[in-house]
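Descriptive structure summary
Listed below, chain by chain, are the residues.
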Amino acid sequence: MTQHAAGARIARGGKSIYGAPLGILMLEARFPRIPGDMGNAATWPFPVLFRVVRGASPEKVVLQGARGLLPDFIAAAQDLVDLGAEAITTNCGFLALFQAELAAALRVPVATSSLMQVPWVQATLPPGKRVGVITVSRASLTPAHLAGAGVPLDVPVEGTEDGREFFRVLISSAKQDLDVALAEQDILEAGRRLVSRHPDVGAIVLECTNMPPYAAALREAVGLPVYDIYTMVSWFHGGLRPRVF
(Lines give C-alpha, C1' and ligand atoms only; values in the text may rest on other atoms or scores of the structure.)
Protein backbone atom coordinates (compact mmCIF):
# COMPACT_ATOMS: atom_id res chain seq x y z
CA MET A 1 0.00 0.00 0.00
CA THR A 2 1.42 3.38 -1.04
CA GLN A 3 0.40 6.73 0.43
CA HIS A 4 0.01 9.57 -2.09
CA ALA A 5 -0.82 13.24 -1.88
CA ALA A 6 -4.21 14.32 -0.55
CA GLY A 7 -4.56 11.08 1.41
CA ALA A 8 -5.00 8.79 -1.61
CA ARG A 9 -3.90 5.18 -1.11
CA ILE A 10 -2.88 2.93 -4.02
CA ALA A 11 -2.98 -0.86 -3.59
CA ARG A 12 -0.29 -2.42 -5.75
CA GLY A 13 -1.28 -5.43 -7.87
CA GLY A 14 0.54 -8.02 -9.93
CA LYS A 15 -0.02 -11.17 -7.85
CA SER A 16 -2.73 -13.78 -7.54
CA ILE A 17 -2.35 -14.36 -3.78
CA TYR A 18 -1.35 -11.86 -1.09
CA GLY A 19 -0.18 -12.16 2.50
CA ALA A 20 1.79 -15.39 2.06
CA PRO A 21 5.28 -14.40 0.89
CA LEU A 22 6.96 -17.79 1.42
CA GLY A 23 6.52 -20.63 -1.09
CA ILE A 24 7.31 -24.24 -0.12
CA LEU A 25 8.07 -26.90 -2.73
CA MET A 26 6.69 -30.22 -1.45
CA LEU A 27 7.65 -33.78 -2.33
CA GLU A 28 4.81 -36.06 -3.37
CA ALA A 29 4.14 -38.31 -0.38
CA ARG A 30 1.23 -39.72 1.64
CA PHE A 31 2.69 -40.23 5.12
CA PRO A 32 1.16 -38.17 7.96
CA ARG A 33 2.58 -34.70 8.49
CA ILE A 34 2.18 -34.10 12.21
CA PRO A 35 2.38 -30.65 13.84
CA GLY A 36 5.94 -29.42 13.51
CA ASP A 37 6.40 -31.11 10.14
CA MET A 38 7.13 -28.61 7.38
CA GLY A 39 4.19 -29.90 5.35
CA ASN A 40 1.68 -29.24 8.12
CA ALA A 41 0.35 -25.71 7.56
CA ALA A 42 -0.41 -25.35 11.28
CA THR A 43 3.35 -25.58 11.98
CA TRP A 44 3.87 -22.04 10.73
CA PRO A 45 2.89 -18.88 12.64
CA PHE A 46 2.55 -17.13 9.27
CA PRO A 47 0.77 -18.07 6.01
CA VAL A 48 2.71 -20.09 3.44
CA LEU A 49 2.07 -21.27 -0.12
CA PHE A 50 2.51 -24.99 -0.87
CA ARG A 51 3.10 -26.65 -4.23
CA VAL A 52 3.53 -30.43 -4.62
CA VAL A 53 6.06 -31.43 -7.26
CA ARG A 54 4.38 -34.39 -8.92
CA GLY A 55 6.59 -37.43 -9.31
CA ALA A 56 9.14 -36.17 -6.78
CA SER A 57 8.78 -38.97 -4.25
CA PRO A 58 11.01 -39.14 -1.17
CA GLU A 59 12.60 -42.27 -2.60
CA LYS A 60 13.49 -40.53 -5.87
CA VAL A 61 14.82 -37.41 -4.17
CA VAL A 62 16.70 -39.01 -1.27
CA LEU A 63 17.80 -42.39 -2.59
CA GLN A 64 18.10 -41.59 -6.31
CA GLY A 65 19.63 -38.13 -6.14
CA ALA A 66 16.56 -36.38 -7.63
CA ARG A 67 17.74 -37.38 -11.11
CA GLY A 68 15.76 -35.71 -13.88
CA LEU A 69 13.61 -33.68 -11.50
CA LEU A 70 15.27 -30.26 -11.73
CA PRO A 71 12.95 -28.96 -14.50
CA ASP A 72 9.92 -29.99 -12.44
CA PHE A 73 11.18 -28.15 -9.38
CA ILE A 74 11.96 -25.02 -11.39
CA ALA A 75 8.51 -25.06 -12.98
CA ALA A 76 6.76 -25.56 -9.63
CA ALA A 77 8.81 -22.79 -8.05
CA GLN A 78 7.98 -20.43 -10.89
CA ASP A 79 4.28 -21.21 -10.36
CA LEU A 80 4.63 -20.26 -6.69
CA VAL A 81 6.36 -17.02 -7.62
CA ASP A 82 3.63 -16.24 -10.12
CA LEU A 83 1.04 -16.80 -7.39
CA GLY A 84 2.75 -14.35 -5.08
CA ALA A 85 5.68 -16.05 -3.34
CA GLU A 86 8.55 -13.67 -2.63
CA ALA A 87 10.97 -16.45 -1.61
CA ILE A 88 11.18 -20.22 -2.10
CA THR A 89 12.18 -23.08 0.16
CA THR A 90 11.71 -26.86 -0.07
CA ASN A 91 10.62 -29.68 2.17
CA CYS A 92 13.65 -31.90 1.68
CA GLY A 93 17.18 -31.10 2.79
CA PHE A 94 18.54 -33.27 -0.03
CA LEU A 95 17.39 -30.61 -2.48
CA ALA A 96 20.55 -28.71 -1.61
CA LEU A 97 21.62 -30.33 -4.87
CA PHE A 98 19.42 -27.80 -6.69
CA GLN A 99 20.29 -24.71 -4.65
CA ALA A 100 22.41 -23.01 -7.31
CA GLU A 101 20.11 -23.92 -10.19
CA LEU A 102 16.91 -22.78 -8.47
CA ALA A 103 18.52 -19.55 -7.30
CA ALA A 104 19.68 -18.86 -10.85
CA ALA A 105 16.33 -19.66 -12.45
CA LEU A 106 14.07 -17.63 -10.15
CA ARG A 107 13.81 -13.93 -9.43
CA VAL A 108 13.42 -14.35 -5.67
CA PRO A 109 15.62 -15.61 -2.78
CA VAL A 110 15.91 -19.40 -2.48
CA ALA A 111 16.85 -21.54 0.53
CA THR A 112 16.55 -25.21 -0.37
CA SER A 113 17.92 -27.00 2.69
CA SER A 114 18.14 -26.85 6.45
CA LEU A 115 21.79 -27.82 5.95
CA MET A 116 22.49 -24.24 4.88
CA GLN A 117 22.48 -23.40 8.59
CA VAL A 118 25.60 -25.45 9.31
CA PRO A 119 28.09 -22.63 8.56
CA TRP A 120 25.95 -20.12 10.49
CA VAL A 121 25.76 -22.37 13.56
CA GLN A 122 29.46 -23.20 13.33
CA ALA A 123 30.25 -19.49 13.64
CA THR A 124 28.49 -19.43 17.03
CA LEU A 125 30.47 -22.27 18.60
CA PRO A 126 33.57 -21.97 20.77
CA PRO A 127 36.96 -23.20 19.52
CA GLY A 128 37.21 -26.96 19.41
CA LYS A 129 33.49 -27.49 18.85
CA ARG A 130 31.74 -28.21 15.56
CA VAL A 131 28.30 -28.84 14.13
CA GLY A 132 26.94 -32.34 13.69
CA VAL A 133 24.16 -33.36 11.31
CA ILE A 134 21.32 -35.85 11.67
CA THR A 135 19.85 -36.92 8.33
CA VAL A 136 17.16 -39.33 7.26
CA SER A 137 19.73 -41.28 5.22
CA ARG A 138 23.43 -41.03 5.97
CA ALA A 139 24.34 -43.30 3.06
CA SER A 140 22.56 -41.01 0.60
CA LEU A 141 24.00 -37.70 1.82
CA THR A 142 26.85 -37.18 -0.65
CA PRO A 143 29.62 -34.58 -0.91
CA ALA A 144 27.52 -32.92 -3.64
CA HIS A 145 24.65 -32.39 -1.22
CA LEU A 146 26.98 -30.93 1.39
CA ALA A 147 28.72 -28.68 -1.13
CA GLY A 148 25.37 -27.40 -2.38
CA ALA A 149 24.57 -26.19 1.12
CA GLY A 150 28.06 -24.88 1.88
CA VAL A 151 28.73 -27.60 4.47
CA PRO A 152 32.28 -28.85 5.19
CA LEU A 153 32.76 -32.33 3.77
CA ASP A 154 34.11 -33.66 7.07
CA VAL A 155 30.97 -32.74 9.04
CA PRO A 156 29.94 -35.53 11.45
CA VAL A 157 26.73 -37.19 10.22
CA GLU A 158 24.35 -39.78 11.62
CA GLY A 159 21.29 -41.20 9.88
CA THR A 160 18.02 -42.92 10.72
CA GLU A 161 18.00 -45.59 8.00
CA ASP A 162 18.65 -48.37 10.53
CA GLY A 163 15.84 -47.27 12.81
CA ARG A 164 12.49 -48.96 13.34
CA GLU A 165 10.04 -46.36 12.06
CA PHE A 166 11.16 -42.98 10.71
CA PHE A 167 12.98 -44.09 7.57
CA ARG A 168 10.57 -46.98 6.91
CA VAL A 169 7.57 -44.66 6.75
CA LEU A 170 9.05 -41.52 5.19
CA ILE A 171 11.44 -42.98 2.63
CA SER A 172 10.60 -46.64 2.12
CA SER A 173 6.82 -45.98 2.22
CA ALA A 174 6.36 -49.23 4.15
CA LYS A 175 3.03 -47.88 5.46
CA GLN A 176 1.04 -44.64 5.59
CA ASP A 177 0.61 -44.48 9.36
CA LEU A 178 3.38 -43.28 11.67
CA ASP A 179 4.13 -44.45 15.21
CA VAL A 180 5.28 -41.07 16.52
CA ALA A 181 6.93 -42.47 19.65
CA LEU A 182 9.00 -44.94 17.62
CA ALA A 183 9.93 -42.22 15.14
CA GLU A 184 11.11 -40.04 18.01
CA GLN A 185 13.26 -42.88 19.35
CA ASP A 186 14.95 -43.18 15.95
CA ILE A 187 15.90 -39.50 16.10
CA LEU A 188 17.08 -39.71 19.71
CA GLU A 189 19.19 -42.79 19.00
CA ALA A 190 20.82 -41.07 16.03
CA GLY A 191 21.57 -38.06 18.21
CA ARG A 192 23.11 -40.16 20.96
CA ARG A 193 25.29 -41.98 18.43
CA LEU A 194 26.39 -38.67 16.98
CA VAL A 195 27.59 -37.17 20.26
CA SER A 196 29.07 -40.47 21.43
CA ARG A 197 31.16 -40.93 18.29
CA HIS A 198 32.03 -37.24 18.01
CA PRO A 199 32.47 -35.68 21.47
CA ASP A 200 33.47 -32.38 19.84
CA VAL A 201 29.95 -31.81 18.48
CA GLY A 202 28.62 -28.62 20.06
CA ALA A 203 25.34 -28.22 18.17
CA ILE A 204 23.14 -30.28 15.85
CA VAL A 205 21.43 -29.43 12.57
CA LEU A 206 18.57 -31.68 11.47
CA GLU A 207 18.61 -32.17 7.70
CA CYS A 208 15.15 -33.67 7.34
CA THR A 209 12.16 -31.31 7.32
CA ASN A 210 10.05 -33.97 9.06
CA MET A 211 12.29 -33.87 12.15
CA PRO A 212 11.27 -30.61 13.89
CA PRO A 213 8.56 -32.39 15.97
CA TYR A 214 11.38 -34.23 17.73
CA ALA A 215 13.85 -31.35 18.14
CA ALA A 216 12.86 -30.48 21.71
CA ALA A 217 13.18 -34.10 22.86
CA LEU A 218 16.58 -34.33 21.16
CA ARG A 219 17.74 -31.13 22.84
CA GLU A 220 16.73 -32.60 26.19
CA ALA A 221 18.42 -35.94 25.46
CA VAL A 222 21.82 -34.65 24.33
CA GLY A 223 21.96 -31.24 26.01
CA LEU A 224 23.01 -29.38 22.86
CA PRO A 225 21.37 -26.68 20.70
CA VAL A 226 19.30 -28.17 17.89
CA TYR A 227 18.52 -26.37 14.63
CA ASP A 228 16.13 -27.53 11.92
CA ILE A 229 14.01 -26.33 9.02
CA TYR A 230 11.73 -24.47 11.43
CA THR A 231 14.58 -22.34 12.74
CA MET A 232 15.83 -21.67 9.20
CA VAL A 233 12.46 -20.79 7.70
CA SER A 234 11.61 -18.56 10.67
CA TRP A 235 14.81 -16.61 9.96
CA PHE A 236 14.13 -16.63 6.22
CA HIS A 237 10.58 -15.32 6.64
CA GLY A 238 11.79 -12.71 9.13
CA GLY A 239 13.55 -10.90 6.32
CA LEU A 240 10.49 -11.02 4.09
CA ARG A 241 8.28 -9.46 6.75
CA PRO A 242 10.46 -7.65 9.29
CA ARG A 243 8.74 -6.96 12.57
CA VAL A 244 7.42 -3.42 12.95
CA PHE A 245 8.44 -1.93 16.31
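These numbers come from a predicted model, not from an experiment. (Residues numbered from 1 in each chain as written. Predicted model: local features only at pLDDT ≥ 70, side-chain atom pairs only at ≥ 80, totals over all residues. Heavy atoms only, no water.)

Here we look at the pattern of salt bridges
Oppositely charged side chains can form a pair if their charged atoms are brought close together. Summed over all chains, the structure comprises twelve salt bridges. Residues E158 and R193 are paired through a salt bridge, measuring 3.2 Å at the closest nitrogen-oxygen approach. You can see E158 sitting in strand β8 (residues 157-159) and its partner R193 sitting in helix α7 (residues 180-197), a full 35 residues away along the chain. Taking relative accessible area as the criterion, R193 reaches 27% and is therefore assigned partly exposed. Salt bridges sharing partners connect three or more residues here, namely K15, E86 and R241. (Salt bridge = Lys/Arg side-chain N within 4 Å of Asp/Glu carboxyl O. Helix = DSSP H or I, 4+ residues; strand = E, 2+ residues; numbered from the N terminus. Buried < 20%, exposed > 50% of the residue type's maximum accessible area, 1.4 Å probe, protein only.)

Focus: unusual backbone geometry
Non-glycine residue A66 carries a positive phi angle of around 55°. Mapped onto the fold, A66 is located in the loop between α1 (58-63) and α2 (70-83). Using a relative accessible area of 3% as the deciding quantity, one classes A66 as buried. In this structure, S173 takes a positive phi of about 55° despite not being glycine. Looking at S173, the relative accessible area reads 53%, which means it is exposed.

Some remarks on the nonpolar core
Counting residues in each nonpolar core, the largest one holds 82 residues, and the members touching the most others are L22, L25, V61, F73, I88, F166 and L218. With six residues, α2 is the largest single contributor of residues to this core. Non-local contacts of L22, meaning those with residues more than four positions away in its chain, are made with F46, V48, L49, A85, A87, T89, V233, F236, H237 and L240. (Core = buried A, V, L, I, M, F, W, Y, C linked by side-chain atoms within 4.5 Å. Contact = heavy atoms within 4.5 Å.)

Section: the packing of α7 against helix α8 (residues 215-222)
Remark: α7 packs on α8, axes separated minimally by 10 Å, with the N-to-C direction vectors making an angle of 35°. Crossing geometry of α7 relative to α8 is assigned as right-handed. Together, E184, I187, L188, G191, R192 and V195 of α7 and A217, L218, A221 and V222 of α8 make up the contact between the two elements. When grouped by side-chain class, the residues that make up the contact of α7 with α8 number seven nonpolar, one polar and two charged. (Axes fitted to C-alpha atoms, helices over the stretch in contact; angles between N-to-C directions. Left-handed = near helix turned anticlockwise from the far one by under 90°. Nonpolar A, V, L, I, M, F, W, Y, C, P; charged D, E, K, R; others polar.)

Describing the sheet that holds strand β7 (residues 130-135)
Paired through backbone hydrogen bonds, the strands of a sheet run either parallel or antiparallel to each other. Taken in spatial order, the four strands line up as β8-β7-β9-β10 in an open sheet, and their pairing is parallel. The open sheet has two free edges, formed respectively by β8 and β10 (226-227), since each of these has just one partner strand. One ladder, built from five bridges, connects β7 with strand β9 (residues 201-206); its direction is parallel. Bridge assignment links V131 to a residue of β9, and that residue is A203. Of the strands in this sheet, β7, β8 and β9 are in contact with α7, which crosses β8 at around 155°. This element, α8, spans β7, β9 and β10 of the sheet and lies at about 165° to β9. (Pairing = 2+ DSSP bridges.)

Don't take any of this as a statement about function, it's just geometry.
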